[in-house]
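Residues per chain are reported as follows:
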Amino acid sequence: FVMNALQTTAEQSQKQVRDYLNKMGVEYEAFWIDNIIIVNKSNYAVFNGLMDYPQIQSLRSRRTMALIEPEKETGISEVLGIEENIAHVRAPDVWSYGYTGEGIVVANIDTGVRYTHQALFPHYRGNLGGGSTNHNYNWWDAYSEFTTTPGDSNGHGTHTMGIMIGDDNSSHRIGMAPGAQWMACRACSGSSCSDEALLECAQFITAPWDLGGENDNPSKRPNIVNNSWGDCGRTYDGWYQGVVNAWLAAGIYPVFSNGNNSGCSYSTPPGLNTVGNPARYGNVTGVGSSGKSNGQYASHSNWGPTDNPDIINPRGYPYMKPQVIAPGVSIRSSYARGDADYTYLSGTSMSAPHVAGLIALMVIALEKFPKRK
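Criteria and cut-off values
- Every residue gets a number counted from 1 within its own chain, in the order that chain's sequence is written.
- Under the rules for a predicted model, residues below a pLDDT of 70 receive no local features and side-chain atom pairs below 80 are neither given nor counted, while totals for whole chains, interfaces and linings still include all residues.
- Values reported for side chains reflect all heavy atoms of the structure, with hydrogen atoms and water molecules removed beforehand.
- Only protein chains enter the calculation, and the probe is 1.4 Å; a residue is then buried if its accessible area is under 20% of its type maximum, exposed if over 50%, and partly exposed in between.
- What counts as a helix is a DSSP run of H or I of at least four residues, what counts as a strand is a run of E of at least two, and both are numbered from the N terminus.
- Here, any two strands with at least 2 DSSP bridges between them count as paired.
- For every element, the axis is a line fit to its C-alpha atoms; helices are fit only across the contacting stretch, and the angle between N-to-C directions ranges from 0 to 180 degrees.
- Residue contacts are defined here by distance: any two heavy atoms, one from each residue, within 4.5 Å place the two residues in contact.
- Here a cavity denotes a set of grid points, spaced 1 Å apart and computed over the protein atoms alone, in which a 1.4 Å probe fits but from which it cannot get out, and a pocket denotes an open set meeting protein on both sides within 12 Å along at least five of seven lines; residues with an atom within 4 Å of a point are reported as lining.
- Grid points are joined across faces, edges and corners, and a volume is the space filled by probe spheres set on the points.
- Salt bridge, as used here: a side-chain nitrogen of Lys or Arg that lies within 4 Å of a carboxyl oxygen of Asp or Glu.
- What a helix should span is 1.5 Å times the count of its residues minus one.
- Two cysteine sulfurs form what is called a disulfide whenever their separation falls within 2.5 Å.

Caption draft 1: Broad picture of the pairing of strand β13 (residues 224-227). Along β13, one buried face is formed by Ile224 and Asn226 and the opposite face, lined by Val225 and Asn227, is buried too. With four bridges joining them, strand β6 (residues 105-110) and β13 adopt parallel strand pairing. Residue pairing across strands places Val106 opposite Ile224, the latter belonging to β13. Summarising the sheet, β13 and strand β15 (residues 253-257) pair through four bridges and their orientation is parallel. Residue Asn227 lies in a different strand from β15, and its bridge partner there is Phe256.

Caption draft 2: Representation of the sheet that holds strand β17 (residues 324-327) in the model. A sheet is described by the order of its strands in space; here seven strands give the open sequence β9-β11-β6-β13-β15-β16-β17, paired in parallel fashion. The open sheet is flanked by β9 (139-141) and β17, the only strands paired with a single partner. Averaged over all neighbouring strand pairs, the angle between strand axes comes to 25 degrees, with direction disregarded. Where helix α7 (residues 241-249) meets the sheet, its contacts fall on β6, β13 and β15, and the angle it forms with β15 comes to roughly 140 degrees.

Caption draft 3: View of the layout of surface pockets. Looking at the largest pocket, its volume works out to about 890 Å³. Along its surface, the largest pocket is lined by 32 residues, and Ile36, Ile37, Ser58, Leu59 and Arg60 are the ones closest to its centre. At the level of elements, α1 (2-23), β2 (36-41), α2 (44-50), α6 (195-206) and α7 are the ones that each hand at least two residues to the lining of the largest pocket. For the lining of the largest pocket, the leading source of residues is β2, giving six residues. Counted as a void, the second largest pocket has a volume near 580 Å³.

Caption draft 4: Highlighting unusual backbone geometry. Thr268 connects to Pro269 through a cis peptide bond whose omega is -5 degrees. Relative to the helices and strands, Pro269 is located in the loop between β15 and β16 (285-290). Along the chain, Asn277 connects to Pro278 via a cis peptide bond; the corresponding omega equals 0 degrees. In this structure, Pro278 sits in the loop between β15 and β16. Of note, the phi angle at Ser144 is positive, near 55 degrees, even though the residue is not glycine. In this structure, Ser144 sits in the loop between β9 and α5 (156-165). One non-glycine residue with positive phi stands out, namely Asn273, at about 55 degrees. With respect to the helices, strands and loops of the structure, Asn273 is situated in the loop between β15 and β16. With a relative accessible area of 25%, Asn273 lands in the partly exposed category.

Caption draft 5: Summary view of the pattern of salt bridges. Scanning the entire structure with this criterion turns up twelve salt bridges. Salt-bridge contacts for Arg186 lead to Glu145; the nearest nitrogen and oxygen are separated by 3.0 Å. Of this pair, Arg186 sits in strand β11 (residues 181-186) while Glu145 sits in the loop between β9 and α5, and the two are 41 residues apart along the sequence. Given a relative accessible area of 47%, Glu145 falls into the partly exposed group. In this structure, the salt-bridge partner of Asp167 is Arg173, at a minimum N-O distance of 3.0 Å.

Caption draft 6: Molecular detail of α6. Between the first and last C-alpha of α6 there are 17 Å, a value that for twelve residues agrees with the 16 Å anticipated at 1.5 Å per step. Along α6, the positions that sit buried rather than exposed are Asp195, Ala197, Leu198, Leu199, Glu200, Cys201, Ala202, Gln203, Phe204, Ile205 and Thr206.

Caption draft 7: Representation of the state of the cysteines within the structure. Here the structure, examined in full by the defined rule, presents three disulfides. Paired through a disulfide, Cys185 and Cys201 show a sulfur-sulfur distance of 2.1 Å. The S-S bond linking Cys185 to Cys201 shows a torsion near -75 degrees; that makes this disulfide left-handed. With a gap of 16 residues between them, Cys185 in strand β11 and Cys201 in helix α6 connect regions that are remote in the sequence. For the pair shown, Cys185 and Cys201 are each scored as buried.

By themselves, these figures tell us nothing about what the structure is for.
Encoded structure:
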């Protein structure tokens, strides 16, 4: 219903503008997820002509978001078994009751995922068993680099996915919800995430399609999507707000990292009103960092308040950001250099996946015990 409603609205309201752009030979990309047309290249005459169309609400400059860059840690002894940060938030206690995220699908919009990693492949929704895979509806690369199989030339996305679901059922128990499955969309190349790629991935998350970019199927959408990217804005910028609203309407839970001081050249600690967009949106869960095994607020983690109040669940503090903190210091997880590669990273990029995994555990518990909602 959500997909059909958005597609119908976009088709009707964009038609005349798209006809004009086609007539002028302009290269563009149209999206239904937030009724946006991105013009890749134009001129002053075309821009002036667009002013004549009342269907256009606004003309905006292009945006480029950034990965919330982590810091690599060195000289840390390796822990085999359940990671300290996972034990600290007591995820194993939840597992002992039989809640591991089974039946839940998590996703990330990130740099991609090394799907063959030993801690991730068993939990990949495209893993059919017996060595067979099906990447349709489970993977998309908005940059058309990894077109047939999931890949990650950066490592960031592989690391965040590991924190959500990673587990080799032996020595490397790195994830919050090892019973859940995962899918992914690559919207960040290097450390930058283009607006076009982020919108394309947002659309894929809402209604995944096959490797040919056809046959949208919203029944394949995930339950939760983790976003460890954003900007350094200190005021509300709602350019991604329509996406968030569509996800919520489709029953997809959005989680965003609050941002790190170093990525925005803030002091240590960063000070008030340093949370970026979209984490500062009132209707997303913005996540900050605590220590690896304590509740101490991490010095790298950006602060609120936000200027976009939470009207869904304010609990008396509608301007508070982050709403949740999770371990984000020296977090060990899967990495993309090899199928048995692990590394330590710090940042709110590592904190947000803890919360995405937590939601996967909570959904199952609430379904089994509905009266406890």
